[in-house]
Amino acid sequence: MSDYFLGIDSSTQSLTGIIIDFNSGSIVRTYNINFDKELPHYNAQKGVVVFEDDKVVHSYPLMWIEALEILFEKLVNDNIRIGQIKAIAGSGQQHGTVYLNQAFEEVLRNLNPNISLVKQFEGTFSRMTSPIWMDSSTFTQCQEIREALGGMTATINITGSNIFERFSGPQIRKFYQENPEGYEATSIIHLVSSFMASILLGGNAPIDHGDGAGMNLMNIETKKWDKRALNATAPNLINKLPPLVNSYDVIGTISPYFINKYGFSGNTQLIAWSGDNPNSLIGVGLIQKGKVALSLGTSDTYFGYIKNLSLDLNGEGHVFGAPTGDYMSLICYKNGSLARERVKDSFNLDWNQFSEILKKTPPGNHGKIILPYFQPEIVPLVLQSGVRRFSLEENDEEGNVRAIVESQFLSMRLHSEWIGEAPKEIYATGGGSINRDILQVAADVFSTDIRQFEVPASAALGAALRAAKSYFESKGKNLSWQEITEPFLDIQKSVVIQPERKYKPMYDDMVELYRACEDYVLRKGKNPQPIQKQFVEKYFSS
Ligand code: XUL
């Protein structure tokens, strides 16, 4: 009998489930439930709801639960041998917080298989919506917490990151300040990951060190809740947080609800859920030093595995726990796929036409630069949205298409310098990584090989692989991460996109041009026009 493992990724726009057959090293099935399409009654747009101004961005935890039920119904309808699933692990969009009242635990423990999950959990929230990673409305709270912790450097040393608007700590503080009764009525605050794990577990699930590090509440060295950070955030917080565990810990077995309703075996193990980026680290096989990944999802992230703690004291990057028990470094952009889509849609293009333009326009784009702050940005910190164009007209179709992709990677190259030496190869993942023309631009800008994998859903795959690793370990069979990941990340089937080396000097100069544009807009720097003129003369004069 085959050993199946299930990985679930509860992300911004959809819920993905991947079932792997470990013995044959194959993927049995991948499911994707798109929130807008399959659950239109929530009226979410691209999985989120934007309030007041574009700074407040929430989502619906009930929608995520409903998607989970749809996933299991699909497994049943497709006659997947659910009883063969030995363990489940999961992944959640990072930082988002779910606020639950005292009924939650009671309902979790007594789920009735004849009633839908949504009906049963409806009354268990002390806040019906969850602020998610796209929310940037907590500037004041960030300042307050940072100050209480002794400033930016002290904060980074304690929590692994500066205080960021989207991180859970400032979000919790804002809720406490704006709605003290709601905060008081909150029995437990979960992350998206631990919330979804709780539903499957039938009890409150712990938070793992990977996702816990994205809260500004966990001590990055000891991996315990940090008293100073808790006190700076909200009163009595320690009693409202689940415990912290290793990402590889078995946290229990699946709740009877799922056994009775869908046919899971009573022995199905649950492994701690983690954030989508830590899961992706495993899903692309980044288990050695010196390799980095580029994830083109709703957010664009750039991350790498690190053995020993190394922090970004400039305050733009983060260090999270890696599922291996070590660490990972990361930078995150909010204007990722949504910004590419905005440009595509503004010229009524489809993705093929978008690609055609990337193919035919010249690298360097005559020095045209866009600062793509369609929404407030995380890196660099931009709290007020507003797109800025340099030597680029808003109606220049070809110019804008190349500029958005080139500028995104120039920014990434510029702001990832702290992560270490220039990488020799970058692993690409996420929905956007299926587009080879976008990856070609990345290869050229970074002057590095980009490896494109067969499975772009690396967070869900990473979760399934984590489930396998912990399950076998619990049975006394210790397989290395390499043994676990290799059969599923068939290097033979991956494609390498090589840079055109001749463009290297030009992109080295263009990064400086991009830096000058950014300095001009964000740091009152000099007008970048002279640098732009020089650039165009040097590379586009003939
Ligand atoms: C990472 C981040 C995003 C979310 C959503 O810090 O905010 O990548 O995890 O995917």
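Source: prediction; values computed, not measured. (Residues numbered from 1 in each chain as written. Predicted model: local features only at pLDDT ≥ 70, side-chain atom pairs only at ≥ 80, totals over all residues. Heavy atoms only, no water.)

## Digging into the overall build of the protein
Now for step 1: Scanning the protein for helices and strands turns up 21 helices and 23 strands.
Now for step 2: Scaling as 2.2 N^0.38, a compact globule of 542 residues should have a C-alpha radius of gyration of about 24 Å, and the protein matches this with 23 Å.
Now for step 3: Projecting the C-alpha coordinates of the protein onto the three principal axes gives extents of approximately 75 × 55 × 45 Å.
Now for step 4: Across the 542 residues in the protein, those meeting the buried criterion constitute 64%. (Helix = DSSP H or I, 4+ residues; strand = E, 2+ residues; numbered from the N terminus. Rg over C-alpha atoms; globule rule 2.2 N^0.38 Å. Buried < 20%, exposed > 50% of the residue type's maximum accessible area, 1.4 Å probe, protein only.)

## A look at the site of the ligand
Now for step 1: All residues adjacent to the ligand are Gln94, His95, Trp133, Arg166, Asp276, Asn277, Ser299, Thr301, Phe320, Leu330 and Cys332.
Now for step 2: Contacts to the ligand include glutamine 94, whose backbone N or O atom sits 3.0 Å from an oxygen atom.
Now for step 3: Contact with the protein chains removes 96% of the 290 Å² of surface that the ligand exposes when unbound.
Now for step 4: Sorting the residues of the shell around the ligand by element identifies helix 13 (276-283) and strand 18 (327-333) as the ones contributing at least two each. (Near = heavy atom within 4 Å. Polar contact = N/O pair within 3.5 Å; in protein donor to acceptor, adjacent residues only side chain to side chain. Areas by Shrake-Rupley, 256 points an atom, 1.4 Å probe, with all protein chains shown as cover.)

## Notes on helix 5 (residues 139-148)
Now for step 1: Three or more residues of helix 5 are buried, namely Gln141, Cys142, Ile145 and Arg146. Around the axis of helix 5, the buried residues are gathered within 130° of arc, so they sit on the same side. In helix 5, those exposed residues whose orientation departs by more than 90 degrees from the buried face are Glu147 and Ala148.
Now for step 2: Residue glycine 150 follows helix 5 closely and has a positive phi angle near 100°. (Arc of directions from axis to C-beta.)

## So, the nonpolar core
Now for step 1: Residues Ile8, Phe72, Phe121, Phe195, Ile199, Phe258 and Phe409 are the most contacted members of the largest nonpolar core, which totals 181 residues.
Now for step 2: The biggest single contributor to this core is helix 2 (residues 61-77), with 10 residues.
Now for step 3: Contacts of phenylalanine 195, omitting those with residues within four sequence positions, involve Pro61, Trp64, Ile65, Val98, Leu100, Phe104, Phe125 and His190. (Core = buried A, V, L, I, M, F, W, Y, C linked by side-chain atoms within 4.5 Å. Contact = heavy atoms within 4.5 Å.)

## Quick notes on the sheet that holds strand 18
Now for step 1: Across the sheet, which stays open at both edges, the 7 strands sit in the order 17-18-16-15-21-22-23 with mixed pairing between neighbours. Single-partner strands in this sheet number two, and they are strand 17 (318-321) and strand 23 (495-497). Looking at each pair of strands side by side, their axes are set apart by 30° on average, direction ignored. (Pairing = 2+ DSSP bridges. Axes fitted to C-alpha atoms, helices over the stretch in contact; angles between N-to-C directions.)

## As for the state of the cysteines
Now for step 1: The final tally for this structure, using the stated rule, is 0 disulfides.
Now for step 2: For the unlinked cysteine cysteine 142, the closest cysteine sulfur is that of cysteine 332, found at 14 Å. (Disulfide = S-S within 2.5 Å.)

## Looking at the sheet that holds strand 4 (residues 49-51)
Now for step 1: Reading across the sheet, the 3 strands line up as 4-5-8 and stay open at both edges, with antiparallel pairing between neighbours. Pairing within the sheet leaves two strands with one partner each, and these edge strands are strand 4 and strand 8 (130-131).
Now for step 2: In this sheet, strand 8 lies alongside strand 5 (residues 56-59) in antiparallel orientation, the contact comprising 2 bridges. Counted as the bridge partner of histidine 58 is proline 131 from strand 8.

## Focus: the packing of aromatic side chains
For any pair of aromatic rings, geometry is given as the distance between the ring centres together with the angle between the planes.
Now for step 1: For the structure shown, the criterion picks out 26 aromatic pairs.
Now for step 2: One aromatic cluster is present, built from ring pairs that chain together Phe5, Phe22, Tyr471, Phe472 and Phe488.
Now for step 3: The ring of tyrosine 99 carries arginine 127 above its face, with NZ or CZ at 4.9 Å from the centroid.
Now for step 4: Geometry around tryptophan 351 places lysine 344 over its ring, the cationic atom sitting 5.2 Å from the centre. (Phe/Tyr/Trp six-rings, centres within 6.5 Å; stacked < 30°, edge-to-face > 60°. Lys NZ or Arg CZ within 6 Å of the ring centre and 35° of its normal.)

## Quick notes on the pairing of strand 5
Now for step 1: What you see with strand 5 is no split at all: Val56 and His58 on one side and Val57 and Ser59 on the other are buried throughout.
Now for step 2: Hairpin geometry of strand 4 and strand 5 is characterised by an intervening segment of 4 residues between the two adjacent antiparallel strands and by a positive phi of about 40° at glutamate 52.

## So, the environment of glutamate 184
Now for step 1: Summarising the element assignment, glutamate 184 is placed in helix 8 (residues 180-184).
Now for step 2: The exposure class assigned to glutamate 184 is exposed, which follows from its relative accessible area of 63%.
Now for step 3: Each C-alpha atom of the pair glutamate 184 and serine 126 lies 9.0 Å from the other, and the pair is 58 residues apart in sequence.

## As for the side chain of threonine 361
Now for step 1: If you trace the backbone, threonine 361 turns up in the loop between helix 15 (351-360) and strand 19 (369-371).
Now for step 2: On the basis of relative accessibility, which here comes to 5%, the residue threonine 361 falls in the buried class.
Now for step 3: A distance of 2.8 Å separates the side chain of threonine 361 from the side chain of arginine 402, its partner in a polar contact.
Now for step 4: Every residue in contact with threonine 361, bar those within four places of it in the chain, is listed here: Glu398 and Arg402.

## Looking at the packing of helix 15 against helix 17 (residues 436-446)
Now for step 1: Look at helix 15 against helix 17: their axes get within 9 Å of each other, and the N-to-C directions meet at 35°. The way helix 15 lies across helix 17 gives a crossing that is left-handed. Contacts from Phe354, Ser355, Leu358 and Lys359 in helix 15 reach Asp437, Ile438 and Val441 in helix 17.
Now for step 2: Here the contact of helix 15 with helix 17 is composed, by residue class, of 4 nonpolar, 1 polar and 2 charged. (Left-handed = near helix turned anticlockwise from the far one by under 90°. Nonpolar A, V, L, I, M, F, W, Y, C, P; charged D, E, K, R; others polar.)

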